[in-house]
Amino acid sequence: MSVVFVMQKVWEPSTTDLSAGRRPLWWTVGPSGTLAVLFVDRRQLEQISYIKGWVGWVPEVPFDGVLVIRHADGSVQRRTFEAIPRRPSHIALLPDARLLIAAGRAGRDDSGAWAPNASVFSLEGEERASFCIGDDIDVLVTDSGGSIWTAYGDEGIYGGHPQSAAGLAGWGDQGQVVWAPNGRLPEWPLAGCAAATEGDCVWLAWYSSNGSRSTFLTRITPLTGEVASWLSPVPSPDGLAVRGNHAILTRRVHNERSTEVFRAELVGASWVVTDRHKEQVPGRVVLRCGQGRDGFLWLRTGDTWLRIDA
């Protein structure tokens, strides 16, 4: 029997936010279910015409931003950041109301060392730390303990950075390496797809460099060091949320007002799709559209955020 997918509309920008001339760009969901969206004044942005959706807007550096935070209880607050020094590809929330801003690519400085591509900002908007967390970051998520988890693209994996070369990595909030695969993945990664947290566990979806281009779901338990991987029941998902033996996955058609939504169940040693629908959504779905937190998949469609329960 088919199960109805309930997509709950959680948030969209207010008229006040939009009338101020700002555009909602990078976003994240914290481990406690807090949605954060970084707005930038349109006058500081230029649009790359061939990149569809919000990901095609690029700021002049340095730039100012307003972080709009929607808490789990529905309350909203705003924080101002001045002179952000790098063009973000990802943002993430850290404990003590800190904000991580990370560029996707990393370069080398004059000495040949890897230059910082991530900054940590305090509640007051001050930059407190900067460091490099690898090159060509496809996926980034933080956990409740403040660790940063990343999955990399092929240019990073083959680009010379030691942590990127492994495909997946875990970082502390000062840029120290806290986890590496060390041969515990079933195949060598080629690209990251999606990320989620479930309690103390982190889930990373990625596909391999082998000819089959198989997609895997890897669960990491930082407290014990346990690593487990399964073949994904959905190739290259762009959204993932897990609760126990149940999961929600999404796969978009780029820049369309719809997405495929899958339910899956862990049966024995395999994830199996139990239901599948193409769902119409309020806005166009583009890159970096999904993030999973404790069984809820947050999905960005245009400038509307939805939530699906696994």
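Check the entry above for the structure.
Reference entry: report on the structure contained in this document. (Residues numbered from 1 in each chain as written. Predicted model: local features only at pLDDT ≥ 70, side-chain atom pairs only at ≥ 80, totals over all residues. Heavy atoms only, no water.)

**Points about the overall build of the protein**
Within the protein, the regular secondary structure consists of 3 helices and 26 strands. For 310 residues, the compact-globule formula gives about 19 Å, and the C-alpha radius of gyration of the protein, at 18 Å, lands near that figure. Projecting the C-alpha coordinates of the protein onto the three principal axes gives extents of approximately 50 × 50 × 40 Å. Here the protein holds 310 residues, and 54% of them are scored as buried. Pairs at least 24 apart in sequence give 47% of the contacts found in the protein among residues at least 6 apart. Carbon and sulfur atoms form 48% of the exposed surface of the protein, whose accessible area is close to 13,200 Å². Positive and negative charge centroids in the protein, built from 30 and 34 side chains respectively, lie 5 Å apart. (Helix = DSSP H or I, 4+ residues; strand = E, 2+ residues; numbered from the N terminus. Rg over C-alpha atoms; globule rule 2.2 N^0.38 Å. Buried < 20%, exposed > 50% of the residue type's maximum accessible area, 1.4 Å probe, protein only. Contact = heavy atoms within 4.5 Å. Areas by Shrake-Rupley, 256 points an atom, 1.4 Å probe, with all protein chains shown as cover. Lys, Arg positive; Asp, Glu negative; His and termini not counted. Charge placed at Lys NZ, Arg CZ, Asp CG, Glu CD.)

**A word on the sheet that holds strand β14 (residues 168-171)**
With antiparallel pairing, 4 strands are arranged side by side in an open sheet as β12-β13-β14-β15. With one partner strand each, in any of the chains shown, β12 (137-142) and β15 (177-179) form the two edges of the open sheet. Taking the axes of each pair of neighbouring strands and ignoring which way they run, one obtains an average angle of 35° across the sheet. Strand direction decides the pairing type here: β12 and strand β13 (residues 148-152), joined by 5 bridges, are antiparallel. Within β13, the residue paired with V141 across the bridge is W149. (Pairing = 2+ DSSP bridges. Axes fitted to C-alpha atoms, helices over the stretch in contact; angles between N-to-C directions.)

**Regarding the side chain of T221**
Relative to the elements of secondary structure, T221 occurs in strand β18 (residues 215-221). In this structure T221 touches C201 and E226, once residues within four positions along its chain are discounted.

**With respect to unusual backbone geometry**
V61 connects to P62 through a cis peptide bond whose omega is 0°. Within the element layout of this structure, P62 appears in the loop between β5 (57-59) and β6 (63-70).

**Some points on the packing of aromatic side chains**
Enumeration according to the criterion identifies 9 aromatic pairs in this entry. Ring plane angle 50° and centroid distance 5.4 Å describe the contact between W11 and W305, whose orientation is recorded as tilted. On the criterion of sequence distance, the pair formed by W11 in strand β1 (residues 7-11) and W305 in strand β26 (residues 304-309) is long-range, its members being 294 residues apart. The same class applies to W11 as to W305, namely buried. Ring geometry for W203 versus W230: centroids 5.5 Å apart, planes at 25°, classification stacked. A residue pair is termed long-range when its members are at least 10 positions apart, and W203 in strand β17 (residues 201-208) and W230 in strand β19 (residues 226-231) qualify at 27 residues. An aromatic cluster is built from W11, W27, F39 and W305, whose rings are joined through pairwise contacts. Taking NZ or CZ as reference, R243 lies 5.1 Å from the ring centre of F296, over its face. Positioned over the ring face of F296 is R307, at 4.8 Å from the centre of the ring. (Phe/Tyr/Trp six-rings, centres within 6.5 Å; stacked < 30°, edge-to-face > 60°. Lys NZ or Arg CZ within 6 Å of the ring centre and 35° of its normal.)

**Let's talk about the sheet that holds strand β2 (residues 22-29)**
If you trace the 4 strands from one edge of the open sheet to the other, you get β2-β3-β6-β7, paired in antiparallel fashion. One side of each edge strand has no neighbouring strand; the edge strands of this open sheet are β2 and β7 (76-84). Each strand of the sheet is rotated relative to its neighbour by a mean of 25°, with strand direction disregarded. Note that β2 and strand β3 (residues 35-41) share 6 bridges and pair antiparallel. Pairing of V29 across the sheet is with L35, part of β3.

**Structural notes on the environment of T197**
Tracing the chain through its elements places T197 in strand β16 (residues 189-198). On the basis of relative accessible area, T197 is assigned to the buried category, the value being 5%. Once residues lying within four places of it in the same chain are set aside, the contact partners of T197 are V141, T142, D143, V202, G292, R293 and D294.

**A look at the pattern of salt bridges**
Pairing is possible between side chains that carry opposite charge, provided their charged atoms lie close to one another. Tallying each qualifying case throughout the model produces 13 salt bridges. With a closest N to O distance of 3.3 Å, R252 and D238 form a salt bridge. Taken as a pair, R252 in strand β21 (residues 246-252) and D238 in the loop between β19 and β20 (239-243) lie far apart in primary sequence, 14 residues in all. Between D309 and R243 there is a salt bridge, with the nearest N and O atoms lying 2.5 Å from each other. Here R243 lies in strand β20 and D309 lies in strand β26, a separation of 66 residues in the sequence. What you see here is one network of salt bridges that share partners, running through R105, D135 and E155. (Salt bridge = Lys/Arg side-chain N within 4 Å of Asp/Glu carboxyl O.)

**So, the nonpolar core**
Residues W11, W26, W27, L35 and L67 are the most contacted members of the largest nonpolar core, which totals 31 residues. The dominant element in this core, judged by the number of residues it contributes, is β3, at 6 residues. Dropping the residues within four chain positions of it, W27 is found in contact with L35, A36, V37, W54, I91, R288, C289, G290, Q291, W298, R300 and W305. Of all hydrophobic cores here, the second largest spans 18 residues; its members include L217, A228, F262 and L266. (Core = buried A, V, L, I, M, F, W, Y, C linked by side-chain atoms within 4.5 Å.)

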